Amino acid sequence: MIGKLQGVVDYIGDGFIILMVNGVGYKVYTPEIFSLKENIALWIETIVREDSIRLFGFSTVSAQGLFNQLTSVSGVGPKVALAVMATIKTDTLLTAISTGDAKTIAMTPGVGKKVAEKIILELKSKVGSVSFETTESTGVLPDLLSALESLGYHRMDIIDMAQHLVAQNPDLDLSKLVPLALKEITSK
């Protein structure tokens with residue numbers, strides 16, 4: 001199987017690129033965004049089905065690992081896994097899984113509440129050991145997101161900022177975080 005490809009982006013399609021490697025064009029599905037003629041190296045996950053062989057490419061081994069974890073969830077295939085990874089930043093996705101935030105995962109096109117809950121159920125113990133700032137202090141994060149959503153803000157627009165605020169201010173409660181979040185939003 002192919003493990004890694006390095007070459008030049010020759011074509012950009014909807015969810016895939018053609019990567020030219022020594023005169024051979026490989027169709028590689030990827031959640032990442034590249035530019036034409038960009039020289040890139042991708043870690044490749046090859047998925048063989050009865051009717052096709054598809055290559056999925058990632059800039060990092062950890063992104064490839066996350067893809068593999070997502071596709072290990074029953075009912076989540078490569079297409080859904082790519083959609084999740086293309087819609088939600090990795091740190092945001094890991095936080096959503098570790099805190100049980102199905103609403104954030106369900107914002108991905110083609111992913112409903114049941115699939116989002118299944119992803120959380122099957123991966124929570126696997127990503128629970130992932131160490132990043134927000135996992136220690138996520139108790140107030142869902143409440144902060146709900147409060148901001150009730151004020152009319154869209155979750156995908158505020159989630160990164162909210163995670164950052166909670167991580168920077170682990171001792172603050174919701175009543176102090178909401179004004180900080182509003183100040184952050186209006187300063188942009």
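I will try to describe carefully the structure that is included in this document. (Residues numbered from 1 in each chain as written. Predicted model: local features only at pLDDT ≥ 70, side-chain atom pairs only at ≥ 80, totals over all residues. Heavy atoms only, no water.)

## Examining the overall build of the protein
Point 1. The helix and strand inventory of the protein stands at 8 helices and 5 strands.
Point 2. For the protein, contacts bridging at least 24 residues in sequence account for 51% of all contacts bridging at least 6.
Point 3. Roughly 10,300 Å² of accessible area belongs to the protein as shown, and the carbon and sulfur atoms make up 53% of that amount.
Point 4. Charge centroids of the protein, computed over 17 positive and 20 negative side chains, lie 4 Å from each other. (Helix = DSSP H or I, 4+ residues; strand = E, 2+ residues; numbered from the N terminus. Contact = heavy atoms within 4.5 Å. Areas by Shrake-Rupley, 256 points an atom, 1.4 Å probe, with all protein chains shown as cover. Lys, Arg positive; Asp, Glu negative; His and termini not counted. Charge placed at Lys NZ, Arg CZ, Asp CG, Glu CD.)

## Some points on the packing of aromatic side chains
Point 1. Summed over the entire model, instances satisfying the criterion amount to 5 aromatic pairs.
Point 2. Summarising the aromatic geometry, the rings of Phe-16 and Tyr-29 are spaced 6.0 Å apart at their centres and angled 55° between planes, so their arrangement reads as tilted. With Phe-16 in strand E2 (residues 16-21) and Tyr-29 in strand E3 (residues 24-29), this residue pair connects regions lying 13 residues apart in the sequence. The same class applies to Phe-16 as to Tyr-29, namely buried. (Phe/Tyr/Trp six-rings, centres within 6.5 Å; stacked < 30°, edge-to-face > 60°. Buried < 20%, exposed > 50% of the residue type's maximum accessible area, 1.4 Å probe, protein only.)

## Considerations on a positive patch on the surface
Point 1. Together, Lys-27, Arg-49, Arg-54 and Lys-79 give the surface a local cluster of positive charge.
Point 2. As for its position among the elements, Arg-49 is in the loop between strand E4 (39-48) and strand E5 (53-58).
Point 3. Residue classification places Arg-49 among the partly exposed positions, given a relative accessible area of 46%. (Patch = residues over 30% accessible without salt bridge, like charges linked within 9 Å, V, L, I, M, F, W, Y side chains within 5 Å. Salt bridge = Lys/Arg side-chain N within 4 Å of Asp/Glu carboxyl O.)

## Here we look at unusual backbone geometry
Point 1. The backbone of Asn-22 shows a phi angle near 50°, a positive value even though the residue is not glycine.
Point 2. Of note, Asn-22 is situated in the loop between E2 and E3.
Point 3. Assessed through its relative accessible area of 80%, Asn-22 is described here as exposed.
Point 4. Even without a glycine there, the phi angle at Lys-37 is positive, about 65°.

## Some words on the pattern of salt bridges
Point 1. Counted by the stated rule, this structure contains 3 salt bridges.
Point 2. Its salt-bridge partner being Asp-160, residue Lys-89 comes within 3.0 Å of it at the nearest N-O pair. On the criterion of sequence distance, the pair formed by Lys-89 in the loop between helix H2 (78-87) and helix H3 (90-99) and Asp-160 in helix H7 (residues 155-168) is long-range, its members being 71 residues apart.
Point 3. A relative accessible area of 56% means that Lys-89 is categorised as exposed.
Point 4. A salt bridge links Lys-113 to Glu-117, with the shortest nitrogen-to-oxygen separation between them at 3.9 Å. One end of the pair, Lys-113, and the other, Glu-117, are both in helix H5 (residues 113-127), 4 residues apart, so they sit about a helical turn from each other.
Point 5. With a relative accessible area of 58%, Lys-113 lands in the exposed category.

What is shown is where atoms sit, not what they do.
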